[in-house]
Structures are given as structure tokens and as C-alpha cells.
Amino acid sequence: MTDHLITTPFGARTTAAEVLDGVDLTGKRALVTGAASGIGRETARVLAAAGAEVTIGVRDPAAGGRAAGEISPASGPGTVHAALLDLADQSSVRAFVGAWRGPLHILVLNAGVMASPLQRTREGWEIQFATNHLGHFALATGLHGALAAARGARVAAVSSVGHVNGDVLFDDINFERHPYDPWAAYSQSKTANVLFAVEASRRWASDLIAVNALNPGRITSTRLGRHIGDVSHSPASFDPTSTDVSWKNIEQGAATSVLLAASPLTEGVTGRYFEDCEEAGPHRPGVRRGVAAHALDARHAARLWRISCDMLATTA
């Protein structure tokens, strides 16, 4: 973070389509995870409408195929197709990476699990950290060569305002000794998304790969909140002076992802955290906005990278 925060003409009400109005992505290849529904699907649709060749990584091939088929006819000049990708299954991630051919210009790490009951992967990893961070970490690092080959690739990691609630629990990431708290687990996974962007931006700068994280806002009518019930009854809050996170529809919720993935306004920007289509300022206690200092800590980012590599090494 610098003293000069990046702003754009866009804001909380802006839709993803408005962000890319007039942008031509012909010849660009994009991958969006968790894009069978919600803001991932809208992100894929808008990227394809701008001309990109889009792959949506999905756990359910049938749902992914339906989504790709529904998006493609109305998407415009680009194409959309689905591929199996289960981020909680490292063998699935490895298979996806192994099958990828050619450069990758845009990677949107969108898929996520929120506040789920305690579940563990076959490795014994807590499911939210395993899916939201480790699966995406394995995917992005596995595709590093494809990103580097694009000579100007962009990675957008979808985090959450929930990251302000807690750092990574480095001494017990998988809640083997601490009592399991679904929101604490979610918070650490979303902090991990930001820390990944911080460290990846440093490591991959010479490869011309820009990596940023973002808070999409609280999105109504998506499957992310399936473990906590329906939250769509809450009113939208777009007042610029509001201390609450912005409530958005799906079209608005995909806007910041698309801004970081493909807008000329953020070309060359890396290692930062955005919300409502602009760089977020520091988080202040009691305010559901901004980026927490623990999520930008370079030492924590480097430590998490090493731990993530070590954890993945046990599955190879």
C-alpha cells in the first residue's frame, strides 16, 4: 500500500459490463473458478462478451456445461467452455494444470466456501482454508508458466471484508487444537487470499504478472451464503459515508473482479486490495471496509507461501 490510493470513475453501483464497456479482449485467454453461478458466472460472461476465450473451472461438470452453454450464445465474440476443477481435491487441481496448454492472460480466483460446518479434505485440511486458499494457491502456482508466457497476465483473487476479523492461525491452521469456529476459519482463508496477492506480486513481478486481491461486496442471491441462511432481505447500502460493506446484485458484485482482471485502468497495478472498484484504504475498527494491516504484512505473506508449499508437497 502507498499513500496514493488508486481510484477509478467506477463505484459500488457499477456493473461488470460497464467496467469493460469498449474494452477488446480478442485473443486473450481467461480462467474463472467457481463460475457455474453467481459473480463468477457474471465475470466469465462479461470477459467473453469483450472477446476473451473463457474457461470456467467447476466442481460439477453438468452444471458447468449448462452455464457455459447459457452464457455463450449471448456472450458476444468470445467463447466459454467448462472444465472439471475441484479445488478441495489436489489431484483434480493437478489434472487441470497438467491439461492446460498455451498462455493464460487472465486468472480470476473466484470460487469459495463460507462459514461451513467443520469438514476436512482427505489430507485432513480444514475445508475453507483448503478450498479458498490452498486450492487456488496450487492452481495459480501450477499455471505460473502459462501466466508468464502471456507477458502481462493478471490474477484477481476474490477475498472478502471478512478478512478483517482475523489473521491466519499459523500455529493451528487446520483447527486441530483450537475449537472450530466457522467464521474464524473463513476469515483466515480470506486473509490468506490477500497475503497470496502480496507475495505473488513480489515473486512474479519480473514475469510481468500482476496479482491483486479484492472484496466484491456482500452479494445477494448467490450460493456462497448457503451455510448461513438467506441474507438477501438486508437493505442495500451504497451511501459513500456508510461504514457498512456495500450490498450488491450479481452484476455489480462482479465489477471489481473484472476491473482488476481486464480494465486498462488497472494495467500494471499489483500487490493491492480493492473494493467498490477502487483501492481500499486501511481498515479502521468498527468499520466494515478497508484492508487490515495483517493482510498486507510482507513477513506473513512470505511465511504463508512457504507453509502452503510445504503442505502441497505432502500430496505430490
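Quick caveat, the model's predicted, so the values are computed rather than measured.

Let's talk about the packing of aromatic side chains
(1) Moving on: Taken as a whole and judged by the stated rule, the model has eight aromatic pairs.
(2) Moving on: One aromatic cluster is present, formed by F137, F196, W204 and W305 through successive ring pairs.

A short note on the pattern of salt bridges
(1) Moving on: For the structure shown, the criterion picks out 10 salt bridges.
(2) Moving on: The partner of E70 in a salt bridge is R41, with the nearest N and O atoms 2.9 Å apart. You can see E70 sitting in helix α3 (residues 61-75) and its partner R41 sitting in helix α2 (residues 38-49), a full 29 residues away along the chain.
(3) Moving on: We note a salt bridge from D276 to R289, for which the minimum N-O separation is 2.9 Å. On the criterion of sequence distance, the pair formed by D276 in the loop between β9 (273-275) and β10 (278-279) and R289 in the loop between β10 and α10 (298-313) is long-range, its members being 13 residues apart.
(4) Moving on: Look at R289 and you get buried, because its relative accessible area is 16%.
(5) Moving on: One network of salt bridges, in which partners are shared, links E199, R202 and R203.

As for the side chain of S308
(1) Moving on: By the secondary structure assignment, S308 is in helix α10.
(2) Moving on: We classify S308 as buried; its relative accessible area is 0%.
(3) Moving on: Polar contacts involving the side chain of S308 include one to the side chain of H133, which spans 2.7 Å.

A word on the environment of E42
(1) Moving on: Along the polypeptide, E42 turns up in helix α2.
(2) Moving on: Each C-alpha atom of the pair E42 and G253 lies 8.7 Å from the other, and the pair is 211 residues apart in sequence.
(3) Moving on: Not counting the four nearest positions on each side in its chain, E42 is found in contact with I250, E251 and A254.

Brief notes about the pairing of strand β5 (residues 154-158)
(1) Moving on: Of all five residues in β5, five are buried, a share of seventy percent or more.
(2) Moving on: As paired elements, strand β4 (residues 106-109) and β5 share four bridges and run parallel to each other. Across the sheet, the residue bridging to L107 is V155, located in β5.
(3) Moving on: In terms of strand pairing, β5 meets strand β6 (residues 210-215) through five bridges, oriented parallel. Of the residues in β6, the one forming a bridge with A156 is N212.
(4) Moving on: The parallel pair β5 and β6 is bridged by helix α7 (residues 182-203), and the resulting crossover is right-handed.

The rules we used
- Residues numbered from 1 in each chain as written.
- Predicted model: local features only at pLDDT ≥ 70, side-chain atom pairs only at ≥ 80, totals over all residues.
- Heavy atoms only, no water.
- Phe/Tyr/Trp six-rings, centres within 6.5 Å; stacked < 30°, edge-to-face > 60°.
- Salt bridge = Lys/Arg side-chain N within 4 Å of Asp/Glu carboxyl O.
- Helix = DSSP H or I, 4+ residues; strand = E, 2+ residues; numbered from the N terminus.
- Buried < 20%, exposed > 50% of the residue type's maximum accessible area, 1.4 Å probe, protein only.
- Polar contact = N/O pair within 3.5 Å; in protein donor to acceptor, adjacent residues only side chain to side chain.
- Contact = heavy atoms within 4.5 Å.
- Pairing = 2+ DSSP bridges.
- Right-handed = clockwise from strand over helix to strand, strands pointing away.

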